[in-house]
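Topology and contacts: notes
Given next are the chains, with one letter for each unit.
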Amino acid sequence: MLHNKKCLIFTLTAAAFAATSTFPAHSAVVASIKPLGFIAAAIADGITPVEVLLPDGASEHDYALRPSDVKRIKNADLVVWTGPEMEAFLTKSAAELPANKNLEIAALPGIKPLLISGDDEDEEHEHGHDHGSENSEVQDGSHAQHHHGQFNMHLWMSPDMALQSAVAIHGKLLELMPQSKAKLDANLQEFKAELADADKHIGAQLAPVRNKGYFVFHDAYSYFEKHYGLSPLGHFTVNPEIQPGAQRLHQIRTQLVEQKAVCVFAEPQFRPAVIDAVSRGTSVRKGTLDPLGMDISLSKDSYVKFLSQLSSQYASCLNGA
Ligand SMILES: [Zn+2]
């Protein structure tokens, strides 16, 4: 059913990407997803290239490694990823890496106390999703399915965790390339300063909209929202691959009709008809939030651009500008 269709789509997507891309077998920092690549690019700037595994448009919740990905991981100086709860597709390859080349952000001691729990109750009921059926989907071992973790694993949305990630990347690269210490130190200092500056600007930009209610498409933004004191009313789904259930849609529709929300946010990869259906006939505005920074290219400033873009996306819809 849903899962078979999903497998097919991802197989086709992977085949299309494999056909259009060739990667040299040189070493680099390899990040699982773009935002982690943004942070790595700031620290590795001028020292070593940074590559991102997940192609633009793919979902962080559901990806299957291509043979070329496996090769890139093996040849990498350093692999930076969130962890198995988010990126199940990397678990096997990462386990084969030497410890000094494997950086799992969720496992950092400073990150654990900052984690907030994920929201996975009602989707499970509405989809009749149980862990028995989940096990039957992993048989081929390469195809990752969505994963209900205990914690929300969209760690790259938190400026605090981004800073900790940067510090950890700096530490790993320093071990691997001690000859580049001066540049690595300078890059980390610059990242810290730019992040602190952006944090101030974003705080100011979002202050006027802190009390405006809204719905997001998927449950990716909690860390950002908490950090800046925003007022989310809920999300359509925990995983963009999973259609929201009828009960969830009804609840959202009711709140829109009662004008509790001023915005509903889709995502660039996901413009589901459900958002239009649920908001039909109401005065709610529609915006877009990009949780992966699809249109931002890797550079030493890209993480700060990513956070600033997100902030502007919230502000423009919530302000009604
Ligand atoms: Zn997500």
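Here the structure is shown first, and the text comes after it.
Now for a quick tour of the structure.

**Points about the sheet that holds strand E5 (residues 213-218)**
The strand order across the open sheet built from four strands is E6-E5-E7-E8, with neighbouring strands paired in parallel fashion. Where the open sheet ends on each side, the last strands, each with one partner, are strand E6 (231-237) and strand E8 (285-288). When the angles between neighbouring strand axes are averaged without regard to direction, this sheet yields 25°. Where helix H10 (residues 246-257) meets the sheet, its contacts fall on E5, E6 and strand E7 (263-266), and the angle it forms with E6 comes to roughly 145°.

**Quick word on the environment of Leu256**
Residue placement: Leu256 occurs in helix H10. Separated by 26 residues in the primary sequence, Leu256 and Thr282 have C-alpha atoms spaced 6.6 Å apart. The residues contacting Leu256, other than those within four sequence positions of it, are Phe215, Ala261, Val264, Val278, Ser279, Thr282 and Val284.

**Some words on the pattern of salt bridges**
Tallying each qualifying case throughout the model produces nine salt bridges. We note a salt bridge from Asp276 to Lys286, for which the minimum N-O separation is 3.0 Å. Residue Asp276 is located in helix H11 (residues 273-279), and its partner Lys286 is located in strand E8; the two are separated by 10 residues in the primary sequence. Since its relative accessible area comes to 36%, Asp276 is described here as partly exposed. Via salt bridges that share partners, Glu51, Arg66, Asp69 and Arg72 belong to a single interconnected network.

**Notes on the sheet that holds strand E4 (residues 102-104)**
The parallel open sheet is built from four strands, whose spatial order is E2-E1-E3-E4. Each end of this open sheet is capped by a strand with a single partner; those strands are strand E2 (50-52) and E4. The average undirected angle you get between the axes of adjacent strands in this sheet is 20°. Looking at chain direction, strand E1 (residues 29-31) and E2 are connected through three bridges and run parallel. Across the sheet, Val29 pairs through a bridge with Val50, a residue of E2. Against the sheet, helix H2 (residues 34-44) contacts E1, E2 and strand E3 (78-81), and its axis sits at roughly 180° relative to E2.

Rules used in this analysis
- Residues numbered from 1 in each chain as written.
- Predicted model: local features only at pLDDT ≥ 70, side-chain atom pairs only at ≥ 80, totals over all residues.
- Heavy atoms only, no water.
- Pairing = 2+ DSSP bridges.
- Helix = DSSP H or I, 4+ residues; strand = E, 2+ residues; numbered from the N terminus.
- Axes fitted to C-alpha atoms, helices over the stretch in contact; angles between N-to-C directions.
- Contact = heavy atoms within 4.5 Å.
- Salt bridge = Lys/Arg side-chain N within 4 Å of Asp/Glu carboxyl O.
- Buried < 20%, exposed > 50% of the residue type's maximum accessible area, 1.4 Å probe, protein only.

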